[in-house]
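Residue-level structural notes
Listed below, chain by chain, are the residues.
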Amino acid sequence: RDETGRIDLHNPPSGPIVLGFSQVGAESGWRLANTASIKKAAERNRVDLLFKDADGDQKRQLADIRSFIDARVTAIAFSPVVEKGYDDVLRQARDAKIPVILTDRLIETADPSLYISSIGAEFTSEGNLAAIYLENDYNGVDQTVNVVQILGTSGATPTKLRSEGFAATASRTGKLKIVASETGNWTVDGGEAAMRKLIRRVPRIDAVFAQNDDMGLGAVKALEAVGRKPGTDVRLVTVDATKKGLQSLAAGKLNYVVECSPLIGEQLMGVVVAIFLGARVEKRISSEKNVFDSDSAKDVLGDRPY
Ligand code: GYE
């Protein structure tokens, strides 16, 4: 249904299984690949998809979810813009007997029975892995490493957990010192602006932990603009492993990329079909992950689909 309450005729339900999916937005390469994966998997599994893009706006996402309840879909899935504030709409879904699946990110709720399953990556370990790489990289160097962080949108699960994971690993040896953080809102432009601020604020930056590839690519631009050599003078670690991220890694401008796979469409459709058939579904389903350095990036770049 659109804002006026009419059924959206671009995608009228025609089969027995209808999934309402509310996406965060189109902020990053990761997100575009995630949307493509969900659309493709829906088609392949003969699931009618009502797809809505919230453009990073939680209010719009809540309205989109309500429109799925009104349309009496088989199931609702969404990737939450932020963690807080979904209890009311999820209670409405429960009253309408529509099961809800969280994809990618999580919500903060006192009642986890409000969703049937969640599918996504383990963000804390992504932060752990980023810090482990930098510690190894500076092994034998007898000084603390000044790290700046470029954060995703505040209030979103990956921002919170990647930060927690990185800080927890960093604090074990004290070798890495997080000297400053700025938000880059997951975008290339946001990452560039954040890096510019950090360069102004912090006298000595040894390394950057950018919480996604796009922001890392923005940081590369900002560093080059002041004559610094990203990858050499300043070490950069990012998360996602999109094609653009891996290309930069292969070119030596990024040093290490922790994969967070956006390709969760098939896993999601598996859960939706199971719900339709009345089968039991797992409460938590984790996506696969890998890590890349410059050499392994070159190995996979040829057939990287996103
Ligand atoms: O890392 C970032 C995206 O929630 C895991 O959101 C996702 C994050 C991803 O925009 O690129």
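Residues numbered from 1 in each chain as written. Predicted model: local features only at pLDDT ≥ 70, side-chain atom pairs only at ≥ 80, totals over all residues.

Looking at an unreviewed UniProt entry, the protein carries the name Monosaccharide ABC transporter substrate-binding protein, CUT2 family, with the source organism given as Actinoplanes derwentensis. The Subcellular location (unreviewed entry) comment attached to the protein in UniProt states, word for word, "Cell envelope". In its Sequence similarities (unreviewed entry) section, UniProt records this for the protein: "Belongs to the bacterial solute-binding protein 2 family." (UniProt positions renumbered as here; feature names shortened; annotations may be inferred.)

What follows deals with the site of the ligand. The immediate surroundings of the ligand are formed by E27, S28, W30, R31, D104, R105, P158, W186, N212, V239, D240 and C260. Breaking the shell around the ligand down by element, the ones donating at least two residues are α1 (29–44) and β9 (235–240). Within the shell around the ligand, the residues separate by chemical class into five nonpolar, two polar and five charged. (Near = placed C-beta within 6 Å. Helix = DSSP H or I, 4+ residues; strand = E, 2+ residues; numbered from the N terminus. Nonpolar A, V, L, I, M, F, W, Y, C, P; charged D, E, K, R; others polar.)

Within strand β1 (residues 18–23), six of the six residues are buried, leaving the element largely enclosed by the surrounding structure. Alignment of β1 against strand β2 (residues 48–53), held across six bridges, turns out to be parallel. Note on β2: the bridge partner recorded for L19 is L49. Between the parallel elements β1 and β2, the chain passes through α1 in a crossover that is right-handed. In terms of strand pairing, β1 meets strand β3 (residues 75–78) through four bridges, oriented parallel. Note on β3: the bridge partner recorded for G20 is I76. (Buried ≥ 20, exposed ≤ 12 C-beta atoms within 10 Å, placed from the backbone. Pairing = 2+ DSSP bridges. Right-handed = clockwise from strand over helix to strand, strands pointing away.)

Because side chains alternate across strand β4 (residues 100–103), one face comprises the buried residues V100 and L102, and the other comprises I101 and T103, equally buried. By the bridge criterion, three bridges tie β3 to β4 in an arrangement that is parallel. Across the sheet, residue F78 finds its bridge partner in β4, namely L102. Crossover β3 to β4 through helix α3 (residues 87–95) is right-handed. Pairing analysis gives three bridges linking β4 to strand β5 (residues 117–120), with the strands arranged parallel. Paired with T103 across the bridge in β5 is I119.

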